[in-house]
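Fold and geometry: a report
Residues per chain are reported as follows:
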Amino acid sequence: MDASIKPEIRALMGQRDALEGEIAERMARLTAPGQPGMDEPLVDGEGYPRSDVDVYQVRLDRNRVICLTNDHKELTGRIERLVHELHAAARDASDANGAQPNGAPAGAGPMALDAPAAAAAAGGRQQAAAAGQQQAQPRGGREGEGEGPAEAGRQLGALRPFAVVDEVSEGSPAAEAGIQLGDQLCRFADVSASAGDELPLVASALQRHENAEIEAVFLRHGLPVRLALTPRRWAGRGLLGCHLRPLGQQQRGGR
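In what follows, the accompanying structure is described.

Calculation rules
- Residues numbered from 1 in each chain as written.
- Predicted model: local features only at pLDDT ≥ 70, side-chain atom pairs only at ≥ 80, totals over all residues.
- Heavy atoms only, no water.
- Helix = DSSP H or I, 4+ residues; strand = E, 2+ residues; numbered from the N terminus.
- Buried < 20%, exposed > 50% of the residue type's maximum accessible area, 1.4 Å probe, protein only.
- Core = buried A, V, L, I, M, F, W, Y, C linked by side-chain atoms within 4.5 Å.
- Salt bridge = Lys/Arg side-chain N within 4 Å of Asp/Glu carboxyl O.
- Contact = heavy atoms within 4.5 Å.
- Pairing = 2+ DSSP bridges.

If you tally the helices and strands in the protein, you get six helices and six strands. Traced from its N-terminal end to its C-terminal end, the protein shows the element sequence α-α-α-α-β-α-β-β-α-β-β-β. For the protein, the residues scored as buried account for 40% of the 255 residues in total.

Written out as structure tokens, the structure is:
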């Protein structure tokens, strides 16, 4: 079963990468200086089409971003279902054989792929490892010098996560900055929780800030963590080397 599921997961992840690339390209065009983004009106005060923007192209880009975002959500759901199937098959094999596939010892867990289950498992391991220890400040973090997490949380205000990190590539800029599986993203540069179009805006911000340090704010085990990130080209995919999954509205704090 693994032999058939894994190639399908990789193919779907490739399709998702292509969608994210096109979303980032169109959002970069929509949010360029002087452009109206996704929300600004395309008519002037007298109701005539604006002359300072290409109204046709803006409408085309907006519609395409909406369609691509919907396709992205559908693909992510399909990937998650397949990964759950893969994990279930791995658990069944472990129960039957007393060991994980590929000779891994029982209890080691299936291969970590792009899935909430992997994120939850990694988060549990991180929490267990941190038990009984003083919480360490992540590399690049600025959670308030000499301040506890509660004070840092008060300074940051009410944080509303809109996405969760469900993949971090080894050796990537994201890993170097201290991003961890299960981190919930609340703010990325100037992007924060809004009407559901945050991930396209994050993709656009990545393109605009290539090779420039920006700040991101996460919730990790309920506590705020601020990280300094530098999107850049590296040996792997993307500018950060991590993947975000949108959080459902019911999961967002304060909404």
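Our next topic: the nonpolar core. Judged by nonpolar contacts, the single largest core of 23 residues is most densely connected at Phe162, Leu185, Phe188 and Leu229. Secondary-structure elements contributing two or more residues to this core are strand 1 (163–168), helix 5 (173–177), strand 2 (184–188), helix 6 (198–208), strand 4 (214–220) and strand 5 (223–229). When residues in this core are grouped by element, the largest group, four residues, is from helix 6. Of all hydrophobic cores here, the second largest spans 20 residues; its members include Leu12, Val53, Leu75 and Leu86.

Let us now look at the pattern of salt bridges. Throughout the structure, instances matching the rule amount to 14 salt bridges. Of the charged contacts, one joins Glu22 and Arg64 as a salt bridge, the two residues approaching to 2.8 Å between their closest N and O atoms. Here Glu22 is found in helix 1 (residues 2–30), whereas its partner Arg64 is found in helix 2 (residues 55–97), with 42 residues between them in sequence. The class of Arg64 is partly exposed, set by a relative accessible area of 33%. Residues Arg208 and Asp190 are paired through a salt bridge, measuring 3.6 Å at the closest nitrogen-oxygen approach. Taken as a pair, Arg208 in helix 6 and Asp190 in the loop between strand 2 and strand 3 (191–192) lie far apart in primary sequence, 18 residues in all. Since its relative accessible area comes to 58%, Asp190 is described here as exposed.

Topologically, His72 is positioned in helix 2. The residues touching His72, leaving out its near neighbours within four places in the chain, are Arg16, Leu19, Glu20 and His243.

With that out of the way, let us pick up unusual backbone geometry. Despite not being glycine, Asn211 has its phi angle at roughly 65 degrees, a positive value. The phi angle at His221 is positive, at roughly 55 degrees, despite the residue not being glycine. Note that His221 resides in the loop between strand 4 and strand 5. Classification of His221 by relative accessible area gives partly exposed; the value is 45%.

A word on the pairing of strand 2. Consecutive side chains along a regular strand alternate between the two faces of the sheet. Bridging between strand 1 and strand 2 involves two bridges; their strand directions are antiparallel. Across the sheet, the residue bridging to Val164 is Gln184, located in strand 2. Examined bridge by bridge, strand 2 and strand 4 share four bridges and lie antiparallel to one another. Pairing of Arg187 across the sheet is with Val217, part of strand 4. With two bridges joining them, strand 2 and strand 3 adopt antiparallel strand pairing. Its bridge partner being in strand 3, Phe188 is matched across the sheet by Val191.

All right, on to the environment of Pro224 then. Looking at the secondary structure, you find Pro224 in strand 5. Once the C-alpha coordinates of Pro224 and Leu159 are considered, the two residues, 65 residues apart in sequence, prove to be 8.0 Å apart.

These results come straight from atomic positions and should not be treated as a statement about function.
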